[in-house]
Structure formats: structure tokens, C-alpha cells
Amino acid sequence: MDTLSAMVQFGHEQVAMYSDPATGLRGIIAIHDTTLGPSCGGTRMWPYATEADAVADALRLSQAMTYKAAAAGVHLGGGKGVIIGDPRTDKSEALLRSWGRFVDTLGGRYLTTTDVGTTGRDLEAVRQETRHVVGLDVTLGGSGDTSIMTGLGIYMGIKACAADVWGDDSLRGRTVAMQGFGKVATRTAEHLLEEDARVIAADINPAALARARSMGVQVAGVDEIHALDCDIFAPCALGGVINHKTVGQLRCRIVAGGANNQLATPEDGELLHRKGITYAPDFLINAGGLINAAAEIGQPYDPARARQQTERIYEQMAEVLVTSRAGEISTARAADRLAESRLDSVRQVRGVYRR
Ligand code: NAD
């Protein structure tokens, strides 16, 4: 599908492309929807095989950010930045500053932060060229590492699912299988271990596995983790892991993790529902990082406020479970409706304002 047709189909407002041969930068910014506020989403740097892959990723991820902000009650829209390149070899201060200039051309319609392939340190270079950056280090007046609050929100989402499935939200003695043990999984596991849950993790990176072992986490193979006999399967690495192949192999009661876009297709959410597996919609329970970043916009960053708002993910997940049961629809569909109803109601307000 060509880009404009995809924008029409998925409701994107704008896709901007940028090239700077001097620094080797080739980048894309997708703005999905600014109904609730300026679009916000991290900058992903990845060696995409084709330009079409990069555009598709920017479109998909920016749409997910709209839903995440809407469901979380954050006053931001959905956007995403994508830089085509290998972060290990192609990243330089000049390239990042050039990216900052590109972000600046959008005049605040897009706020950037970190994502896969970019770090808080990279944001410092971007910040030299634009003020439209969130999630800077706390020493620079920002809200810092997003994974701390993301991990807290996922833990809240897991507990709300546990209360629904077992009638008790205690995770003591429950087995959680984590796919990927990076920043978000580590922060989530800290809460789980504190509650005496049993955590098993798989990762392709030996350093991540060493960290897991040092925390008392058991290690399993990357090919088997999703199929382990466990209470909760937590995808915390890549998207698309719940698909027509893996759904049949799951042996858990709950799927709840941090990875974005876990469902390969909307139909996979329906498959989980029919199989009686409770799915915590990814954008609903991994919103803690966005909530944290939003807390620094327009006011001094207050960590207590961000924490309180992140803890509300428990109630939001519980509400989605109630809607799902009452309407006999999947939790994925119920969460979409929650986000869409907020977007629709604010669109009406805008209509009144414009008259
Ligand atoms: P990260 O890079 O720190 O961790 C990802 C981990 O997954 C790495 O350790 C990596 O080695 C591992 N991994 C990659 N492929 C794997 C595979 N096939 N099997 C097992 N492990 C594999 O990234 P993160 O910040 O922890 O983010 C993890 C996920 O959560 C991503 O999908 C990200 O988009 C999403 N997310 C992150 C945040 C945040 O605040 N950082 C917020 C919302 C969503």
C-alpha cells in the first residue's frame, strides 16, 4: 500500500521525511492524531531493510501512541520518529543534532523522546537543536528513565488481571515467564520478585541474562519461553509475538507485558479471547513511561504525581475487563473502545470551539 493510502486508512495527519547527506541522516516522522495534544513518541533508530519498512513502522507505532495517550488520560497525541541506520555504527552527535533540526521544523506538533536504538544521552544532542524533547535526564530538568514507571504500570496491569482471573491480586507463588529481559522487564521483575512471584526470563543478550540471574530470576531458552507452563506470559522484547503460530502454543492464563504491538493482527486478540487467555492490552499497561514524560510538560516534573497516575493503570485494566465481559468482546477491542471514546468526545469539544 502506498503511504498516502495508508495514512487515509489509519487516520494519520502527517508524514514528514528528511534527508541530510552531510550527516547521513535519513529520517521519518509520522504524526497520527493531535486531537488530545501535540503528538509524542520516541525516536527509533533501526537498520530497516527498506524505506517502506521504516515508513510502515513509523505509521504503526505512531497510531499506537495515540491510543496509549488516549487510554491513559494523557493530553498528548500520537507520533513517532524513525531514523534509518544502525545505532551501533551510524550514530553521531552531528546526525542527532540534524535530527533535532528536523524535529524543530514541525514547530512542536511532534515531541520526541527515546526508543529502541536511542538513549537519554542521545536526547541531549537532539536538545541542542530543538526544545521539543521530553524524557531528558533528571539532572537536565527532565523526567529521566521511562522504564521505571513503565515497569510499575505493567506490574499494576498484571495485578488487575490476576484479581480478575483468580479472585485475588496477590502474585505470591505465581510464575511469570518474561520474553526479553531489558530495561522494562527488569523494572517489572523488581516488583514481581518483591511480591515473591517466581520469574523466568529469556533473552538473546548474555548480559541481560547475567542481570536476570543476579536478581534471582531463572533463565529459559528464547525459543521456548512463550510456550512454558506458567501463570503469566509477559512479552517484553519485540512486537508481533502473539500470532497465529504462537497463540496455539501458549500455556498461560494471562498475557501481560511491556512490548509494543504484541498482537501481530487484531484477529490474534480475538483468538486469545476465544482461548480463554486474559490479554492485558499492551498500550494500556505499558503507558507508564508516557505518563512520566507527560508530567514534565508545562509544569515542573513531580515524580509523585506521575507515580500516582501510573498506578491508576490497575483501575483502567479492571475497567477494560468489566467492559470485555459485559459486551462479550475481547479485552483488545474493549481497550480500543476506551481510547476511541475519549478521542471522539474531545473531537466534539473541538468542533464546538471552532464554531
Ligand atoms: P530494551 O532494549 O532495554 O530490552 C529489550 C530486550 O529484549 C533486550 O534485552 C533484547 O536483547 C531482548 N530481545 C530482543 N529480541 C529478543 C528475542 N527474540 N527474544 C528474547 N529477547 C529478545 O528495551 P526496553 O526499553 O526494555 O523495551 C522493551 C519493549 O517495551 C519494547 O517493545 C519497547 O518498545 C516497549 N516499551 C518500552 C517502554 C520504555 O519505557 N522503555 C515503554 C513502553 C513500551
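Quick look at the structure, then.

Reading across the sheet, the 6 strands line up as β8-β7-β6-β9-β10-β11 and stay open at both edges, with parallel pairing between neighbours. Each end of this open sheet is capped by a strand with a single partner; those strands are β8 (218-219) and β11 (278-279). Of the pairings in the sheet, the one linking strand β6 (residues 175-179) to strand β7 (residues 198-202) comprises 5 bridges and is parallel in character. In the sheet register, Ala 177 faces β7, and the bridge partner there is Ile 200.

Another aspect to go through is the site of the ligand. Inspection of the region around the ligand gives 21 residues, with Thr 146, Thr 150, Val 184, Asp 203 and Ala 237 positioned closest. The separation between an oxygen atom of the ligand and a polar main-chain atom of Lys 183 is 3.0 Å. Here an oxygen atom of the ligand sits 2.9 Å away from a polar atom, N or O, in the main chain of Val 184. For the ligand, the protein covers 79% of the area, taking 840 Å² as the surface of the free molecule. Of all the elements in the fold, those that place two or more residues in the shell around the ligand are α5 (147-166) and α6 (183-194). Here the residues of the shell around the ligand sort into 8 nonpolar, 9 polar and 4 charged.

A separate point is the sheet that holds strand β1 (residues 14-20). What the 5 strands build is an open sheet, ordered β1-β2-β4-β3-β5; its pairing is mixed. At either end of the open sheet lies a strand with only one pairing partner, and these are β1 and β5 (110-114). On average, each strand axis in the sheet is tilted by 25° relative to the strand beside it, whichever way the strands run. By the bridge criterion, 6 bridges tie strand β3 (residues 39-46) to strand β4 (residues 77-84) in an arrangement that is parallel.

Okay, the side chain of Arg 44 next. One can find Arg 44 in strand β3. Residue Arg 44 is classed as buried on the basis of its relative accessible area of 14%. Polar side-chain contacts of Arg 44 include one of 2.5 Å to the side chain of Asp 115.

Axis separation between α5 and helix α11 (residues 303-311) bottoms out at 9 Å; the angle between their running directions is 30°. Considered as vectors, α5 and α11 are oriented roughly parallel to each other. For the pair α5 and α11, the crossing hand works out as right-handed. In this structure, α5 contributes Met 149, Leu 152, Gly 153 and Met 156 to the contact, and α11 contributes Pro 303, Ala 306, Arg 307, Thr 310 and Glu 311.

Each α-helix turn comprises 3.6 residues. Residues three or four places apart therefore point the same way. An ideal rise of 1.5 Å per residue puts 28 Å on 20 residues; α5 measures up with 28 Å between its terminal C-alpha atoms. Where α5 terminates, the next one or two residues include Gly 167, which has phi positive at roughly 75°.

Moving on to the pairing of strand β2 (residues 25-33). The buried count for β2 comes to 8 of 9 residues, which makes it a mostly enclosed element. Strand direction decides the pairing type here: β1 and β2, joined by 7 bridges, are antiparallel. Each bridged residue has a counterpart across the sheet, and for Gln 14 the counterpart in β2 is Ile 31. Hairpin connection from β1 to β2: 4 residues lie between these consecutive antiparallel strands, with Gly 24 at a positive phi of about 80°. Here β2 pairs with β4 via 6 bridges, running antiparallel. Bridge pairing in β4 places Ile 31 opposite Gly 79.

Those residues of helix α7 (residues 206-214) not exposed but buried are Ala 208, Leu 209 and Ala 212. Each buried residue of α7 sits inside an arc of 100° when the element is viewed along its axis, so together they form one side. Within α7, the exposed residues directed more than 90 degrees away from the buried face are Pro 206, Arg 213 and Ser 214. The inward-facing, buried residues of α7 abut β7 and β8. At the N-terminal boundary of α7, the capping side chain belongs to Asn 205, with an oxygen 2.9 Å from the backbone nitrogen of Ala 207. Positive backbone phi, approximately 90°, marks Gly 216, located one or two places after α7.

Rules used in this analysis
- Here the residue numbering is sequential within each chain, running from 1 through the sequence in written order.
- With the structure being a predicted model, the display of local features is reserved for residues of pLDDT at least 70 and the display and counting of side-chain atom pairs for 80 or more, all residues being used for whole-chain, interface and lining totals.
- Heavy atoms from the whole structure form the basis of all side-chain values; hydrogens and water molecules are not counted.
- Note on pairing: DSSP must find at least two bridges between two strands before they are called paired.
- Secondary structure follows DSSP: runs of H or I at least 4 residues long count as helices, runs of E at least 2 residues long count as strands, and numbering of each begins at the N terminus.
- Nearness here has a simple test: a residue counts as near a molecule or strand if at least one of its heavy atoms is within 4 Å of that partner.
- Here a polar contact means two N or O atoms within 3.5 Å. Within protein one must be a hydrogen donor candidate and the other an acceptor candidate, and residues neighboring in sequence count only if both atoms are side-chain atoms.
- Where accessible areas are quoted, they stem from the Shrake-Rupley method and a 1.4 Å probe; at the residue level, only the protein chains shown are allowed to cover.
- Ten residue types, Ala, Val, Leu, Ile, Met, Phe, Trp, Tyr, Cys and Pro, are classed as nonpolar, four, Asp, Glu, Lys and Arg, as charged, and the remainder, Gly among them, as polar.
- Convention adopted: a line fitted to C-alpha atoms gives each axis, helices being fitted over their contacting stretch, and angles between N-to-C directions are expressed from 0 to 180 degrees.
- Only protein chains enter the accessibility calculation, which uses a 1.4 Å probe; a residue whose area is less than 20% of its type maximum is buried, one above 50% is exposed, and one in between is partly exposed.
- Comment on the angle field: the value is read as roughly parallel under 35 degrees, roughly antiparallel over 145, roughly perpendicular from 65 to 115, and oblique elsewhere.
- By convention, the crossing between two helices is left-handed when the near helix turns anticlockwise from the far helix through less than a right angle, and right-handed when the turn is clockwise.
- Whether two residues touch is decided by their heavy atoms; if any such pair falls within 4.5 Å, the residues are in contact.
- Helices are assigned an expected span. That span is 1.5 Å times one less than the residue count.
- In this context, the arc is that of the directions from the helix axis out to the C-beta atoms.

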